[in-house]
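An overview of the molecular structure
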Number of protein chains: 2
Amino acid sequence: MKFTDLFTKTQKDIKDSGSANADLLVRGGYVNQLSAGIYTYLPLGWRVYKKIEEIIREEMSAAGGQEIFMPAMHPKANWEKTGRWENLDVLYKVVGQLSGAEMALGPTHEEIVTPLASRFVLSYKDLPKYVFQIQDKFRDEARPKSGLLRTREFMMKDLYSFHADEKDLDRYYEIMKNAYFKIFTRVGLGEVTVLTYASGGSFSRYSHEFQAICETGEDTIYLCEKCNVAVNKEIIHEQKSCPECGNKDLKEKKSIEIGNIFKLRDKFSKAFDFSYLDEKNQKNFVEMGCYGIGLGRLMASIVEVLHDKSGIVWPNEVAPYKFHLVNLSGAQEEAADLYEKLKAKKVDVIWDDRDERAGIKLSDADLLGIPNRIIVSPKTISEKAIEVKRREESEGKIVLLDKFLKEI
Amino acid sequence: MKFTDLFTKTQKDIKDSGSANADLLVRGGYVNQLSAGIYTYLPLGWRVYKKIEEIIREEMSAAGGQEIFMPAMHPKANWEKTGRWENLDVLYKVVGQLSGAEMALGPTHEEIVTPLASRFVLSYKDLPKYVFQIQDKFRDEARPKSGLLRTREFMMKDLYSFHADEKDLDRYYEIMKNAYFKIFTRVGLGEVTVLTYASGGSFSRYSHEFQAICETGEDTIYLCEKCNVAVNKEIIHEQKSCPECGNKDLKEKKSIEIGNIFKLRDKFSKAFDFSYLDEKNQKNFVEMGCYGIGLGRLMASIVEVLHDKSGIVWPNEVAPYKFHLVNLSGAQEEAADLYEKLKAKKVDVIWDDRDERAGIKLSDADLLGIPNRIIVSPKTISEKAIEVKRREESEGKIVLLDKFLKEI
């Protein structure tokens, strides 16, 4: 892709919003804010999103998940069954002008997937089953904040698991924990991600959060620096499996929640009378789990954790492009030639072919955060070479062009 | 995939809805109806959807389209600008319980993409530009009908093009026509798809529909069987480029609209004051085009056009699986062995491993409509062979197993 063909431009006139992810993603032309908590993904941002999505899809499929796609618009009756039509204040309600039908916009899909699964799960032979979707969700956040971390419309991966008993739910819950760590490692957050018990509420025994440690995070967790276990305030560290350390070793850390997993048990299967017949032909309620990751939130978290003062620093696996080619004044033809050669080799490259000053091009390269920068200048040309620099390094190195093209 | 692992089962107890696509897709476990005009895509249906989506994405990208993703939830102000907040009766309106913000659910995205493009298109040097998305849309159809052909929530590909002048819009409009024919050919509807002028209204000069000829279609078109040009009633055939034929050669045909393309001209760029500076530094309104395909509608149209009395007949490129392996009683082990060998060769195969009668398995195979059926039975085993049958053929043929595995 050439900069001059790209739909977007980098944006200079963006006021600080107080949120690094929003400011950098908007300035880089990754996203555009349409309204409070509502964003458009632009071509560069959609490329990042698609890479994150594919990683999540691969890991959910590897864990036996079958992909489906449930509607965003839900009948009122389903939400009345669980009492959430009246009690969930973030629920958007819609009445059709022509149909008059009252509908909810789904902030989650237990109310839909439970009766759906009950059509197909009849006996113990039909269990366990795992379905997931990657789908647009809606929450009327009173005060959307922190850029793409807390929005009113958001893409989410939600997997739902169905089991004959608690033991099988427990087994799969551990498989999901591992799948989540794989995902967060692949998107570049492996080193900062810790598992915590969800804070507060009667659900806390049955749910965990994946938290990415980050100075700008909204959440507070307590990390034992001795054994690297994270807990929240209400969980006594000694009760965990760490005899050689205790609450005295806990350090307060800021973090961002990047995923959560819940043992729903029979909460929803009871509400929808979702049962199966066991080997003795006895009726039992199905045990359920649910497992969520917000994709925009994850993308924003990567930006929050990995940016520096000059811009975004994308990990390789989710970067919109792998290489960012920049030509300085007087090297346009040579850059064009290199760009064509890289494209012929199927190298994932974007070329800043604008007629702009070096300073502007290099600061835009830092802002965009593509992992490898290639500079072609009259000086490098005279040496039959290019300069190659990793985004996170301060110094590039001169590489002979022939050698670079041979090895890439 | 094994049938016994699949989330769904085929459904017997489904009443006729009067719509072949809905009945076959629901019975096959491809989709599930949640509410009037609202469907869930189940694992088999989502595989078909994804194949259609990828074909459309490839052809839109080949035509220079850059993929973005705009929100479903739109500010009221955008729809007031064009008068459609008050005048569009299928528009869903939402008021947040907490925020109180009035929003629309997008049935289309001109109101969003026009101000978005105006941020990035400033001068003639920024034109032309093409963006597309594949995204969930909402229309409050008073009476949803014809299964997945007319729904209240639907996935749509919409591409928007931006041009300096009408001539450039005309040029790209022809590129899109060709891209659409490529798409409809790749999904298996090439032979039945014709281009017609959109019927009625002031827009008819500026828009075309792609119609798939189909006995159960809702639309009526007039096809000249001499020159294969399709027209609607209001267009006089002689005015087209067919000197050797005329209105007398027109035959009435039923058809389904599977795509449409519009020259919007400056309708929306005027509403949003979207202009660019030309070479002489003069302000001009941007010329726009838009190009839509409903993905669920296209999937349903494929079913309508290609089914027979026993079930669906998927074209190869969009089939959920390429091979449907069926073992008859007494050949379970041999089928299991073949299934593992096919999987090792990365063959896209589903195995009906149920302990069911042959009649049920074969009629389910016809219902599901996977292009190639493989039967393993004690009889074929005794001949070291399998029976292979194309879905649309009535007779299979016996093929030696070794030969089949070698050639696949």
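Definitions and limits used
Residues numbered from 1 in each chain as written. Chains lettered and ligands numbered in written order. Predicted model: local features only at pLDDT ≥ 70, side-chain atom pairs only at ≥ 80, totals over all residues. Helix = DSSP H or I, 4+ residues; strand = E, 2+ residues; numbered from the N terminus. Buried ≥ 20, exposed ≤ 12 C-beta atoms within 10 Å, placed from the backbone. Contact = placed C-beta atoms within 7 Å. Nonpolar A, V, L, I, M, F, W, Y, C, P; charged D, E, K, R; others polar. Pairing = 2+ DSSP bridges. Core = buried A, V, L, I, M, F, W, Y, C linked by C-beta atoms within 7 Å. pLDDT = per-residue confidence, 0-100. Domains from an automatic or database assignment. Least-squares fit on C-alpha atoms with pLDDT ≥ 70 in both. Expected span 1.5 Å × (residues − 1). Axes fitted to C-alpha atoms, helices over the stretch in contact; angles between N-to-C directions. Arc of directions from axis to C-beta.

Details of the overall build of chain A
For chain A, the count of helices and strands is twelve helices and 21 strands. In terms of principal-axis extent, the alpha carbons of chain A reach across some 80 × 65 × 40 Å. The buried share of chain A, reckoned over its 408 residues, is 47%. When contacts within chain A are restricted to residue pairs at least 6 apart in sequence, long-range pairs at least 24 apart make up 67% of them.

Looking at the interface of chain B and chain A
At the interface, 43 residues of chain B touch 44 residues of chain A. Secondary-structure elements contributing two or more residues to the side of chain B that touches chain A are β1 (31–35), β2 (38–41), α2 (43–62), β3 (66–67), β4 (73–75), β5 (92–95), α5 (110–120) and β7 (129–138) of chain B. Class assignment of the residues belonging to the side of chain B that touches chain A gives a composition of 26 nonpolar, eight polar and nine charged. In terms of strand pairing, strand β5 (residues 92–95) of chain A meets β5 of chain B through two bridges, oriented antiparallel. Each bridged residue has a counterpart across the sheet, and for V94 of chain A the counterpart in β5 of chain B is V94 of chain B.

Quick word on the nonpolar core
In terms of nonpolar packing, the biggest core is built from 216 residues, with I52 and M299 of chain A together with I52 and M299 of chain B touching the most fellow members. Those residues in contact with M299 of chain B that lie beyond four places of it in its chain are V48, Y49, I52 and L148 of chain B.

Quick look at the confidence of the model for chain A
Across chain A, the average pLDDT comes to 94, with 96% of residues at or above 70. For this predicted complex, the interface confidence reaches an ipTM of 0.96, while the overall pTM sits at 0.97.

A few points about the domain arrangement of chain A
One can read the domain layout of chain A as domain 1 (20–70 + 109–306) and domain 2 (321–407). Distance from the C-alpha centre of domain 1 of chain A to the C-alpha centre of domain 2 of chain A: 39 Å.

Side note on the relation of the copies chain B and chain A
Turning one copy of the chain about an axis and sliding it along that axis gives the other copy, so a rotation and a shift relate them. Expressed as a screw transformation, the operator carrying chain B onto chain A has a rotation angle of 180° and an axial translation of 0.0 Å, and the superposed copies differ by an RMSD of 0.0 Å. Here the copies are linked by what is in effect a two-fold axis. When each C-alpha of chain B is compared by its distance to the rotation axis, V94 of chain B comes out closest, at 2.6 Å. Both copies contact each other with a shared surface, as 100% of the interface residues of chain B are interface residues in chain A too.

Considering the environment of I56 of chain A
Residue and element names in this part refer to chain A. Residue position: I56 is located in helix α2 (residues 43–62). When the 25 C-beta atoms within 10 Å are taken as the criterion, I56 is described as buried. Sequence separation between I56 and P371 is 315 residues; the distance between their C-alpha atoms is 21 Å. With sequence-adjacent residues up to four places away left out, I56 is seen in contact with I134, K157, I183 and I293.

Considerations on the pairing of β5 of chain A
All names here are of chain A. Burial along β5 is one-sided: the residues Y92 and V94 are buried and none of K93 and V95 is. As judged from the four bridges shared by β5 and strand β6 (residues 102–105), these two strands associate in the antiparallel manner. Residue pairing in the sheet places V95 in a bridge with E102 of β6. Taken together, β5 and the strand that follows it, β6, pair antiparallel across an intervening segment of six residues, in which G100 is found at a positive phi of about 70°.

A few points about helix α8 (residues 295–306) of chain B
Structurally, the α-helix is built with 3.6 residues per turn, so residues lying three or four positions apart point the same way. Residue and element names in this part refer to chain B. Across its twelve residues, α8 extends 17 Å between first and last C-alpha, which sits within 8% of the 16 Å expected from 1.5 Å per residue. In terms of burial, α8 is a largely internal element, eleven of the twelve residues being buried. For α8, every residue scored as buried is listed here: L295, G296, R297, L298, M299, A300, S301, I302, V303, E304 and V305.

Comments concerning the sheet that holds β5 of chain A
Across the sheet, six strands lie side by side as β4(A)-β6(A)-β5(A)-β5(B)-β6(B)-β4(B); this open sheet has antiparallel pairing. Among the strands making up the open sheet, the edge pair consists of β4 (73–75) of chain A together with β4 of chain B. Here the average twist between neighbouring strands, direction ignored, is 40°.

What to know about the pairing of strand β16 (residues 287–294) of chain A
Residue and element names in this part refer to chain A. For β16, the tally of buried residues reaches seven of eight residues, placing the bulk of the element in the interior. One ladder, built from eight bridges, connects strand β8 (residues 153–163) with β16; its direction is antiparallel. Within β16, the position partnered with D158 by the bridge is G292. The sheet contact formed by strand β13 (residues 250–265) and β16 spans five bridges and is antiparallel. The partner of N260 across the bridge, within β16, is G292.

Things to note about helix α6 (residues 166–186) of chain B
All names here are of chain B. If you check α6, its first and last C-alpha atoms are 30 Å apart, about what 21 residues at 1.5 Å a residue would give, namely 30 Å. Regarding α6, the residues found buried are L169, Y172, Y173, M176, A179, Y180, I183, F184 and R186. End-on view of α6: buried residues confined to an arc of 145°, all on one side of the axis. Away from its buried face, by an angle of more than 90 degrees, α6 presents the exposed residues K167, E174 and N178. Looking at the buried positions of α6, the neighbouring elements they touch are α2, β8 (153–163), β9 (193–197), β10 (207–213), β13 (250–265) and β16 (287–294). Immediately beyond the C-terminal end of α6, within one or two residues, lies G188, with a positive phi of roughly 100°.

Considerations on the sheet that holds strand β19 (residues 372–376) of chain B
Residue and element names in this part refer to chain B. Pairing in this open sheet of five strands is mixed, and the strands run β18-β17-β19-β20-β21 from one edge to the other. With one partner strand each, in any of the chains shown, β18 (349–352) and β21 (397–400) form the two edges of the open sheet. Each adjacent strand pair in this sheet contributes to an overall mean axis angle of 30°, direction not counted. Across four bridges, strand β17 (residues 323–327) lies against β18 in parallel orientation. Across the sheet, V326 pairs through a bridge with D352, a residue of β18. Strands in contact with helix α10 (residues 358–368) are β17, β18 and β19; relative to β17, the strand with the most contacts, it is inclined by about 170°.

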